[in-house]
Amino acid sequence: MSATVVPGRMTAATDDDVVVFLIGMRVNRLRAVRSWLPAALAMPRMLRELWCRPELGMLDARTYYSGRVILVVQYWRSFEHLDAYARAADREHLPAWRAFNKQARSAGDAAGIFHETYLVPGGSRESIYVGMPAYGLGRALGVGPVARRGERAAHRLDARTPDVPVVDAAGELVPQPDGAHR
């Protein structure tokens with residue numbers, strides 16, 4: 001989790017598949033602290049467990065706050081890893097989920113929770129980081145020079161533009177292996 005700025009124009013280093021998982025909660029009734037605080041405290045425990053156990057499949061996570069909403073953006077190695085974690089009775093998530101559901105039945109709508117899952121195949125995303133520490137997909141997958149994958153977003157999104165040649169910063173064609181369009 002280094003804040004060291006990586007110089008130059010970088011992009012996510014690999015075309016591996018990745019799962020982007022957004023999970024969060026909204027505090028609907030601020031004064032009902034006993035109703036929503038346990039759910040708010042459960043997420044740091046889950047993240048700590050996932051950071052300590054990389055074999056569980058989470059690659060990276062970042063927490064954001066906006067008004068009454070807490071959002072955690074997570075990157076996972078695969079949906080299978082995410083699903084296995086969500087269902088594991090011996091991990092932090094399932095007991096917290098059960099406790100939230102029990103509390104929600106008795107306290108009503110003091111807090112709401114949500115999640116969204118995106119399966120992102122390699123080659124169907126693009127990213128760029130200029131003068132940034134490792135961040136987002138780049139932090140989850142590592143970063144490499146933009147020129148390796150193309151100077152423009154269209155070049156890096158080879159799944160949408162498979163016949164676009166990749167060029168470096170000087171405009172020179174970057175040789176690609178047979179059948180590759182990156």
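A brief report on the enclosed structure follows. (Residues numbered from 1 in each chain as written. Predicted model: local features only at pLDDT ≥ 70, side-chain atom pairs only at ≥ 80, totals over all residues. Heavy atoms only, no water.)

**Looking at the sheet that holds strand 6 (residues 129-132)**
Two modes of strand pairing occur in sheets, parallel and antiparallel, and in both the strands are linked by backbone hydrogen bonds.
Then, number 1: Read from one edge of the open sheet, three strands run 6-1-7, paired in antiparallel fashion. Of all the strands in the sheet, just strand 6 and strand 7 (143-145) have a single pairing partner and so form its edges. Neighbour-to-neighbour, the strand axes of this sheet turn through a mean angle of 55°, independent of strand direction.
Then, number 2: As defined by bridge partners, strand 1 (residues 6-12) adjoins strand 7 across three bridges and the pair is classed as antiparallel. The residue bridging Thr 11 from the neighbouring strand is Gly 144, located in strand 7. (Pairing = 2+ DSSP bridges. Helix = DSSP H or I, 4+ residues; strand = E, 2+ residues; numbered from the N terminus. Axes fitted to C-alpha atoms, helices over the stretch in contact; angles between N-to-C directions.)

**Quick notes on the sheet that holds strand 4 (residues 69-76)**
Then, number 1: Within the open sheet, the four strands sit side by side as 3-4-2-5. Their pairing is antiparallel. Strands with a single pairing partner mark the edges of an open sheet, and in this sheet they are strand 3 (58-66) and strand 5 (111-120). The mean angle between the axes of side-by-side strands here comes to 15°, regardless of whether they run parallel or antiparallel.
Then, number 2: Alignment of strand 3 against strand 4, held across eight bridges, turns out to be antiparallel. Directly across from Ala 61, in strand 4, lies its bridge partner Gln 74.
Then, number 3: Taken strand by strand, helix 1 (residues 33-52) contacts strand 2 (18-27), strand 3, strand 4 and strand 5, and its axis lies near 150° from that of strand 3. (Contact = heavy atoms within 4.5 Å.)

**Digging into a nonpolar patch on the surface**
Then, number 1: A surface patch of nonpolar side chains, amounting to about 220 Å² of accessible area, comprises Val 33, Leu 37 and Leu 41.
Then, number 2: Overall, the relative accessible area of 45% leaves Leu 41 in the partly exposed class. (Patch = residues over 30% accessible without salt bridge, like charges linked within 9 Å, V, L, I, M, F, W, Y side chains within 5 Å. Areas by Shrake-Rupley, 256 points an atom, 1.4 Å probe, with all protein chains shown as cover. Salt bridge = Lys/Arg side-chain N within 4 Å of Asp/Glu carboxyl O. Buried < 20%, exposed > 50% of the residue type's maximum accessible area, 1.4 Å probe, protein only.)

**As for the environment of Arg 139**
Then, number 1: Summarising the element assignment, Arg 139 is placed in helix 4 (residues 136-141).
Then, number 2: Note: C-alpha distance between Arg 139 and Ala 12 (127 residues apart in sequence) is 8.1 Å.
Then, number 3: Within the local environment of Arg 139, its side chain forms a polar contact with the side chain of Asp 60, the two groups lying 2.7 Å apart. (Polar contact = N/O pair within 3.5 Å; in protein donor to acceptor, adjacent residues only side chain to side chain.)

**Things to note about the packing of aromatic side chains**
Then, number 1: In this structure the tally under the stated criterion is two aromatic pairs.
Then, number 2: Look at Trp 76 and Tyr 85: their rings are 6.1 Å apart centre to centre, the planes differ by 40°, and that puts the pair in the tilted class.
Then, number 3: The exposure class of Trp 76 is buried, given its relative accessible area of 0%.
Then, number 4: With relative accessibility at 5%, the residue Tyr 85 sits in the buried group.
Then, number 5: Ring geometry for Trp 97 versus Phe 100: centroids 6.5 Å apart, planes at 20°, classification stacked. Pair noted here: Trp 97 and Phe 100 are both in helix 3 (residues 93-107), with a separation of three residues, about one helical turn.
Then, number 6: The partly exposed category is assigned to Trp 97, whose relative accessible area is 37%.
Then, number 7: Exposure remark for Phe 100: the relative accessible area of 12% places this residue in the buried category. (Phe/Tyr/Trp six-rings, centres within 6.5 Å; stacked < 30°, edge-to-face > 60°.)

**Remarks on the environment of Glu 151**
Then, number 1: Here Glu 151 shows up in the loop between strand 7 and helix 5 (153-156).
Then, number 2: The buried category is assigned to Glu 151, whose relative accessible area is 18%.
Then, number 3: Sequence separation of Glu 151 and Arg 9 is 142 residues, and the distance between their C-alpha atoms is 9.1 Å.

**Here's the deal with the pattern of salt bridges**
Then, number 1: If you walk through the whole model with that rule in mind, you get five salt bridges.
Then, number 2: Note that Arg 45 and Glu 92 form a salt bridge whose closest N and O atoms lie 3.4 Å from each other. Placement of the pair is Arg 45 in helix 1 and Glu 92 in the loop between helix 2 (79-87) and helix 3, with a sequence separation of 47 residues.
Then, number 3: In this structure, the salt-bridge partner of Asp 60 is Arg 139, at a minimum N-O distance of 2.7 Å. With Asp 60 in strand 3 and Arg 139 in helix 4, this pair connects stretches of sequence that are 79 residues apart.
Then, number 4: Overall, the relative accessible area of 18% leaves Arg 139 in the buried class.

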